[in-house]
Amino acid sequence: MPVDVLIGLQWGDEGKGKIVDVLAPTYDVVARFQGGPNAGHTLTFDGLKHVLHQVPSGIFHPHIINVVGNGVVLDPVVFRQELQKLTDRGVAWGQNLYISKKAQLILPSHRALDRISEEARGNTKIGSTLKGIGPTYQDKIGRTGLRVGHILLPDFQKRYQEAVARHAREAGFHHKELEIEPFEADFFSAVEFLRTLQLTDTEYLLNDLLAQGKRILAEGAQGSLLDIDFGTYPYVTSSSTIAAGACTGLGIAPRHIDKVYGITKAYCTRVGSGPFPTELLGETGEQIRQAGREFGSTTGRPRRCGWIDLPALRYAIMLNGVTELHLMKADVLDSFAEIQVCTHYRLPDGTRTPQLPDPGDLAHVVPVLQTLPGWHTDLTQLTEYNALPANLLAYLEFLERELQVPIRIVSVGPDRVSTLFQ
Ligand code: GDP
Ligand code: IMO
Ligand code: MG
């Protein structure tokens with residue numbers, strides 16, 4: 001079965017981009033199946049750091065076909081910027097990038113609606129990236145969205161005007177109050193650019209490649225706890241971020257899926273609002289933030305930091321059918337005397353549970369923490385899994401026992417080379 005899926009098990013930013021880049025040489029295709037410019041996937045190699053938002057993370061390997069699947073919401077302006085940056089850095093992407101004609105288009109008015117709806121939420125803001133993700137998926141589900149394929153039709157301009165008029169009406173605004181005029185010229189020139197790319201029915205492309213025996217890596221964005229169904233609703237994103245989303249987001253049948261790589265940090269972070277039981281609001285949280293450089297790749301916002309959360313991970317592992325874990329940013333905990341792990345939650349009625357309660361109740365649980373000794377070793381200098389310090393190995397064994405999934409990769413630095421395979 002030639003399709004493997006790589007997904008985040010927490011609230012995003014686990015290090016998915018780095019691992020896709022590391023594993024990519026063993027695949028023929030890397031395909032994004034959901035999300036859009038809300039994602040920020042960082043890849044570091046040869047002394048350069050690249051942040052990708054909508055372009056799949058296999059783009060630096062010339063032999064790999066990169067696909068933006070139908071499940072994605074695509075902002076042409078951001079896409080053009082990203083591709084321009086790659087061109088400036090000498091990356092030849094022209095031949096090996098394909099975009100689904102069924103992917104949804106993010107319009108300037110979707111971005112405006114994202115902002116307006118966040119403002120209207122007062123003190124229950126989602127903490128959206130304001131990239132227009134929610135409103136674009138709303139149009140998709142509402143069957144009113146514009147797709148990438150629509151830009152090839154002669155009446156695209158008219159469809160665009162109708163969509164904007166509808167958006168203004170639904171927001172109870174006059175067209176002008178959306179304040180999108182300054183962005184429209186740029187949008188249309190980015191659409192012109194998009195027309196020159198390889199737009200196709202990527203479900204046929206992918207299934208043809210599968211028939212030829214090619215191997216596909218499906219690249220998830222966001223994380224399982226941001227999933228529209230199973231995440232900490234309503235503080236979630238608007239797509240299916242779990243492994244199952246790869247089937248609907250690419251047009252690949254479930255029987256093709258083999259491995260599911262679950263990416264988690266050695267601790268936990270979250271950007272935006274919503275419950276986070278193991279969050280550390282004091283000095284320790286700040287220490288993780290500084291050591292892990294925990295500031296958003298897309299928005300630059302400081303990420304909230306806390307200890308690793310096993311009830312949440314168990315839930316994500318179950319939903320995704322994770323076959324192997326990749327533990328990221330272990331080096332960030334190098335200087336900690338003690339590492340804490342949340343094994344259970346204590347509910348308001350005093351009972352202990354290893355499971356995730358209803359999202360509404362998650363704000364009221366108290367994490368039950370177990371303390372393990374730190375390793376006090378500079379992991380960034382290590383090149384062999386076997387050379388990991390005993391206390392880190394004990395931490396890994398503890399996690400494997402609690403989660404019942406093998407850890408296959410330990411990441412000890414942002415660079416491609418700082419990746420230890422068991
Ligand atoms: P993604 O959205 O899941 O691809 O993750 P991001 O790129 O948003 O955030 C992960 C951040 O951690 C990036 O800045 C990476 O360069 C960095 N990173 C990834 N793996 C490691 C690691 O093992 N150690 C350290 N120190 N940084 C890492
Ligand atoms: P990657 O792929 C971390 C969060 C936002 C907000 C919520 C909804 O880099 O891991 P949205 O703009 O999607 O409507 O925002 O989801 N969020 C992410 N957090 N990493 C991401 O992507 C995220 N994409 C969205 O901060 O809380
Ligand atoms: Mg990210």
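The present account deals with the structure reproduced in this document. Remember, it's a predicted structure, so these values are computed and weren't measured experimentally. (Residues numbered from 1 in each chain as written. Chains lettered and ligands numbered in written order. Predicted model: local features only at pLDDT ≥ 70, side-chain atom pairs only at ≥ 80, totals over all residues. Heavy atoms only, no water.)

1. Quick look at the site of ligand 2
So, point 1. Not every one of the 21 residues close to ligand 2 is listed here, only the nearest: Asp13, Lys16, His41, Thr129 and Thr237.
So, point 2. Within the side chain of Thr237, an N or O atom sits 2.6 Å from an oxygen atom of ligand 2.
So, point 3. At a separation of 3.1 Å, an oxygen atom of ligand 2 approaches a polar backbone atom of Val271.
So, point 4. Out of a free accessible area of 550 Å², ligand 2 has 97% covered by protein chains.
So, point 5. Mapping ligand 2 onto the cavity grids shows that it belongs to the largest pocket. (Near = heavy atom within 4 Å. Polar contact = N/O pair within 3.5 Å; in protein donor to acceptor, adjacent residues only side chain to side chain. Areas by Shrake-Rupley, 256 points an atom, 1.4 Å probe, with all protein chains shown as cover. 1 Å grid on protein atoms, 1.4 Å probe; cavity = no way out; pocket = protein on both sides within 12 Å on 5 of 7 lines; lining within 4 Å. Sits in = over half its atoms within 2 Å of the grid points.)

2. Some thoughts on the packing of helix H5 (residues 156-170) against helix H6 (residues 181-195)
So, point 1. Following both chains from N to C, one finds H5 and H6 inclined at 140 degrees, their axes separated by 13 Å at the closest point. Regarding the angle of H5 to H6, the classification is oblique. Crossing geometry of H5 relative to H6 is assigned as right-handed. Between H5 and H6, the residues in contact are Phe156, Gln157 and Tyr160 and Glu184, Phe187, Phe188, Val191 and Arg195, respectively. (Axes fitted to C-alpha atoms, helices over the stretch in contact; angles between N-to-C directions. Helix = DSSP H or I, 4+ residues; strand = E, 2+ residues; numbered from the N terminus. Parallel < 35°, antiparallel > 145°, perpendicular 65-115°, else oblique. Left-handed = near helix turned anticlockwise from the far one by under 90°. Contact = heavy atoms within 4.5 Å.)

3. Topic: the pairing of strand S4 (residues 48-52)
So, point 1. As paired strands, strand S3 (residues 41-45) and S4 are joined by 5 bridges and run antiparallel to one another. Bridging across to S4, His41 finds its partner in Leu52.
So, point 2. Adjacent in sequence and paired antiparallel, S3 and S4 are bridged by 2 residues, among which Asp46 carries a positive phi angle near 50 degrees. (Pairing = 2+ DSSP bridges.)

4. Side note on the packing of helix H10 (residues 310-320) against helix H12 (residues 390-403)
So, point 1. Where H10 meets H12, the closest approach of the two axes is 10 Å, and the angle between their N-to-C directions is 55 degrees. Judged by the angle between their axes, H10 and H12 are oblique. You can see that H10 and H12 cross each other, and the crossing is right-handed. Of H12, the residues touching H10 (which contributes Leu310, Leu313, Arg314 and Ile317) are Phe398, Leu399, Glu402 and Leu403.

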